[in-house]
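What the coordinates show
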Amino acid sequence: MNILVLNCGSSSLKFQVINVTQETIDQNAEDLLAKGVIERIGSQSLITLKPTGRKTQKKALPFRNHAQAIDFVLKWLVSEDSDVTAISKLSDIQSVGHRVVHGGEKFSKSVLINDEVIEGIEDCIDLAPLHNPANLDGIAAIEQILGKGVPQAAVFDTAFHSEMPQDSYLYPIPYQFYRRYKIRRYGFHGTSHRYISYRYRFLTNTPKSETNIITLHLGNGCSACAIREGKSADTSMGMTPLEGLTMGTRTGDIDPAILEYLHLKEGITYSHLFNMLNKQSGLLGISGLTNDMRELLEEEEENQDRRASLAIDIFCRRVRKYIGAYLANMNGADAIIFSGGIGENSATIRSRICQNLSWFGVAIDEERNQSMSGGNEGIISTSDSKVKLVVIPTNEELLIARDTYRCVEGII
Ligand code: ADP
């Protein structure tokens with residue numbers, strides 16, 4: 001089954017076309033046909049297209065909205081320009097899987113999209129005002145172009161965390177606000193944590209019920225997840241993706257009283273404050289330079305930039321703090337897994353995070369660590385480390401494609 005996977009961000013569109021069969025799932029193989037990104041939807045958009053095995057194509061075109069961008073992608077896929085042999089007409093795309101950011105308490109697994117599901121996603125707009133509308137635009141655009149006959153599935157970022165126990169997901173604020181407004185931890189990056197956990201099980205031949213691990217998705221957005229018996233038991237992102245680890249531009253945890261204090265001192269409105277917490281904080285806020293970890297590491301090494309160093313130290317300390325908290329709450333774990341752009345590629349950051357974890361029996365093997373980057377996966381701890389350290393590149397799109405296949409086949 002040729003599946004188009006769509007990830008509609010607030011102003012971007014990422015897509016992949018993956019062929020999925022029961023055989024590729026059983027063999028844990030991936031048959032990627034093409035992928036691409038369209039950035040800056042709403043103005044002059046930048047388009048990057050990559051048919052598998054062929055050169056990357058770059059273009060710039062003005063797209064007003066997601067519908068226009070999706071229309072372009074579909075036309076490109078069937079054109080000679082893309083040269084994707086498996087797809088020469090629109091009917092060669094047999095189903096579409098959407099990454100949907102917020103499923104609230106309604107969706108605990110991936111589902112085939114129908115009117116009721118669309119209503120459910122609409123009901124969660126309050127919780128993800130930038131993302132859910134973009135996801136809905138994507139769903140509507142596909143229905144308009146490919147017709148109602150092509151099945152579409154929704155794969156939720158929050159679904160993997162839906163089994164968290166109440167003492168993990170409830171905030172200690174008056175209980176009526178949970179009852180009235182469903183204010184609670186939902187967690188995000190669920191598809192990524194689920195994929196990493198699945199991949200760990202596959203690599204180590206561990207049954208799901210015996211999978212007790214901590215997964216770290218460290219990219220521009222960052223989150224940690226405590227996985228007990230194969231299920232999400234706790235995660236660092238909260239009701240929104242702002243909570244938890246220090247991120248590229250997001251604060252992660254801070255004292256909420258800072259908001260009131262800054263509001264009084266600087267007369268800044270709450271909406272400006274939230275913009276600051278989301279877009280001008282984290283690595284960017286501390287360094288005053290960039291939200292990009294690679295650039296910060298370069299600044300630190302080449303120019304001994306003090307604030308770049310400080311931003312990196314704060315980032316690593318916060319990750320370590322969550323590892324410690326989860327090890328305590330889970331009564332230990334079998335593995336700590338690094339993923340996301342930073343976790344997959346930066347041996348330095350992995351090494352700095354693991355400093356002072358020896359008390360827990362965590363021992364990094366520096367030679368293995370230094371050799372692990374650029375999409376490789378494997379163990380980077382010493383053979384006698386009590387807790388394994390593992391690098392596993394995430395692949396949310398593959399999991400979305402497989403879930404879509406299962407939804408269409410009715411086996412989810
Ligand atoms: P997103 O959350 O947007 O998907 P990614 O998972 O692609 O982000 O991660 C982006 C981050 O990964 C950036 O901070 C980037 O600098 C960092 N990164 C990528 N490669 C390296 C590297 N070799 N060393 C350090 N950081 C890296």
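Definitions and cut-offs
Residues numbered from 1 in each chain as written. Predicted model: local features only at pLDDT ≥ 70, side-chain atom pairs only at ≥ 80, totals over all residues. Heavy atoms only, no water. UniProt positions renumbered as here; feature names shortened; annotations may be inferred. Core = buried A, V, L, I, M, F, W, Y, C linked by side-chain atoms within 4.5 Å. Buried < 20%, exposed > 50% of the residue type's maximum accessible area, 1.4 Å probe, protein only. Helix = DSSP H or I, 4+ residues; strand = E, 2+ residues; numbered from the N terminus. Contact = heavy atoms within 4.5 Å. Near = heavy atom within 4 Å. Polar contact = N/O pair within 3.5 Å; in protein donor to acceptor, adjacent residues only side chain to side chain. Areas by Shrake-Rupley, 256 points an atom, 1.4 Å probe, with all protein chains shown as cover. Nonpolar A, V, L, I, M, F, W, Y, C, P; charged D, E, K, R; others polar.

The chain carries the name Acetate kinase in an unreviewed UniProt entry, which gives Pseudobacteriovorax antillogorgiicola as its organism. The heading Subcellular location (unreviewed entry) in the UniProt record of the chain holds the text "Cytoplasm". In its Subunit (unreviewed entry) section, the UniProt record describing the chain reads: "Homodimer."

This next bit is on the nonpolar core. One finds Leu218, Phe315 and Phe338 to be the most contacted residues of the largest nonpolar core, which totals 41 residues. Sorting the residues of this core by element identifies β9 (213-218), β10 (222-228), α11 (293-303), α12 (306-329), β12 (335-339), α14 (347-354) and β14 (388-391) as the ones contributing at least two each. In terms of residues, this core owes the most to one element, α12, which gives 10 residues. With near-sequence residues (within four places) excluded, phenylalanine 315 lies in contact with Leu218, Cys222, Thr246, Leu283, Met293, Ile342 and Ile349. Judged by nonpolar contacts, the second largest core, of 29 residues, contains Val73, Val96, Ala134 and Leu146.

The ligand sits among 13 residues. The nearest are Asn220, Asp292, Met293, Arg294 and Gly341. In the model, an oxygen atom of the ligand is placed 2.5 Å from a nitrogen or oxygen of the aspartate 292 side chain. Glycine 341 places a polar main-chain atom, nitrogen or oxygen, 2.8 Å from an oxygen atom of the ligand. For the ligand, whose unbound accessible area comes to 580 Å², protein coverage reaches 70%. For the shell around the ligand, the secondary structure elements donating two or more residues are α11 and α13 (340-345). When residues of the shell around the ligand are assigned to their parent elements, the largest contribution, 4 residues, is made by α13. When grouped by side-chain class, the residues that make up the shell around the ligand number 3 nonpolar, 8 polar and 2 charged.

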